[in-house]
Amino acid sequence: TMKKEWNGRTVFFLAMAMTLICFLPFLIRDKGLFIYFGDYNMQQVPFYLKIHEAVRNGHFFWDMTTDLGSSIYTSYSFYLLGSPFFWITVPFPKQAVPYLLPFLQMIKIALACLGGYYYSRQFVKDTRCACLSGLLYGFSGFTLVSLVFNHFGEVVAFFPFYLLALLVLMVFMHEQLVRKTSCC
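Owing to the predicted nature of the structure, the values given are computational and were not obtained by experimental measurement. (Residues numbered from 1 in each chain as written. Predicted model: local features only at pLDDT ≥ 70, side-chain atom pairs only at ≥ 80, totals over all residues. Heavy atoms only, no water.)

Draft legend 1. The side chain of Ser 120, seen in detail. On the secondary structure map, Ser 120 appears in helix α5 (residues 97-121). Here Ser 120 is in contact with Ala 130 and Ser 133, once residues within four sequence places are set aside. (Helix = DSSP H or I, 4+ residues; strand = E, 2+ residues; numbered from the N terminus. Contact = heavy atoms within 4.5 Å.)

Draft legend 2. Broad picture of the packing of aromatic side chains. For the coordinates displayed, the defined rule picks out 16 aromatic pairs. Measuring from centroid to centroid gives 5.1 Å for Phe 78 and Tyr 79, while their planes differ by 75 degrees, and the two rings are edge-to-face. Ring centres 6.2 Å apart and planes at 10 degrees place the aromatic pair Phe 142 and Phe 152 in the stacked group. Of this pair, Phe 142 sits in helix α7 (residues 141-145) while Phe 152 sits in helix α8 (residues 152-182), and the two are ten residues apart along the sequence. We classify Phe 142 as partly exposed; its relative accessible area is 49%. (Phe/Tyr/Trp six-rings, centres within 6.5 Å; stacked < 30°, edge-to-face > 60°. Buried < 20%, exposed > 50% of the residue type's maximum accessible area, 1.4 Å probe, protein only.)

Draft legend 3. Fine view of the packing of helix α2 (residues 39-57) against helix α3 (residues 72-81). Where α2 meets α3, the axes come as close as 11 Å, and the angle between the chain directions of the two elements is 115 degrees. The handedness of the crossing between α2 and α3 comes out as left-handed. Between α2 and α3, the residues in contact are Gln 44, Phe 47, Tyr 48, Lys 50, Ile 51, Ala 54 and Val 55 and Ile 72, Tyr 76, Tyr 79, Leu 80 and Leu 81, respectively. In the contact of α2 with α3, the residues fall into ten nonpolar, one polar and one charged. (Axes fitted to C-alpha atoms, helices over the stretch in contact; angles between N-to-C directions. Left-handed = near helix turned anticlockwise from the far one by under 90°. Nonpolar A, V, L, I, M, F, W, Y, C, P; charged D, E, K, R; others polar.)

Draft legend 4. Up close: the environment of Ala 15. Relative to the helices and strands, Ala 15 resides in helix α1 (residues 8-29). Measuring from C-alpha to C-alpha, the distance between Ala 15 and Asp 126 comes to 19 Å, with 111 residues separating the pair along the chain. Once residues lying within four places of it in the same chain are set aside, the contact partners of Ala 15 are Ala 110, Cys 113, Leu 135 and Phe 139.

Draft legend 5. Fine view of the pattern of salt bridges. Counted by the stated rule, this structure contains five salt bridges. A salt bridge links Lys 94 to Glu 53; its shortest N-O distance comes to 3.1 Å. One end of the pair, Lys 94, is in the loop between α4 (84-89) and α5; the other, Glu 53, is in helix α2, with 41 residues separating them in the sequence. For Glu 53, a relative accessible area of 36% translates into the label partly exposed. A salt bridge links Glu 154 to Lys 108; the shortest N-O distance between them is 3.1 Å. Note that Glu 154 is positioned in helix α8 and Lys 108 in helix α5, a separation of 46 residues in sequence. (Salt bridge = Lys/Arg side-chain N within 4 Å of Asp/Glu carboxyl O.)

Draft legend 6. Spotlight on the nonpolar core. Of all hydrophobic cores here, the largest spans 38 residues; its most connected members are Phe 23, Tyr 48, Ile 51, Phe 86, Leu 101 and Cys 113. Put simply, the parts of the chain that give this core at least two residues each are α1, α2, α3, α4, α5 and α6 (127-138). Among the elements that line this core, the one with the most residues is α5, at ten residues. (Core = buried A, V, L, I, M, F, W, Y, C linked by side-chain atoms within 4.5 Å.)

Draft legend 7. Broad picture of α6. Over its twelve residues, α6 extends 16 Å from the first C-alpha to the last, a length consistent with the 16 Å expected when each residue adds 1.5 Å. Contacts from the buried residues of α6 go to α1, α5 and α7. (Expected span 1.5 Å × (residues − 1).)

Draft legend 8. Region of interest: unusual backbone geometry. Phi is positive for Lys 31, close to 55 degrees, though the residue is something other than glycine. Take Lys 31: it is sitting in the loop between α1 and α2. The phi angle at Asp 67 is positive, at roughly 55 degrees, despite the residue not being glycine. Along the chain, Asp 67 falls in the loop between β1 (62-63) and β2 (70-71). Classification of Asp 67 by relative accessible area gives exposed; the value is 67%.

Structure, rendered in structure tokens:
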């Protein structure tokens, strides 16, 4: 019998399907919104809406309604301006942003699974093990509990890709070192 070979595309779409299954009951119940009481609804969504509108209107230097007046760059770079996921929402109207946020969370989880898969592939022969490893990473307790902090998902999504880049750099540097020492 031939064993199934898993690839990155399969892992990404499997993770997207799994997150959709997890989110779908809440999206149906809340008419397309993801209601997660606490910091998510009280801070994350309002921050998104405020900065989304500011960027679309070209008012992203100083904001008198943040604290006692503050630079948008210093106040929101950590949460939004440095996030590629935030910039995906900018072309959409402000009213669409709360409906986009759960799908961005799903993409973050799927990317985390994908990154976990590619990183794990460096250490295992069986692609099924790498797939399982990626899914376990992407659906870790930290990831799911941290949904309340929208921006934590980005760290989880990109971390395995940083690890993979570091691994590739270390292998390259090792090969260079070996090449230099063997020719002298």
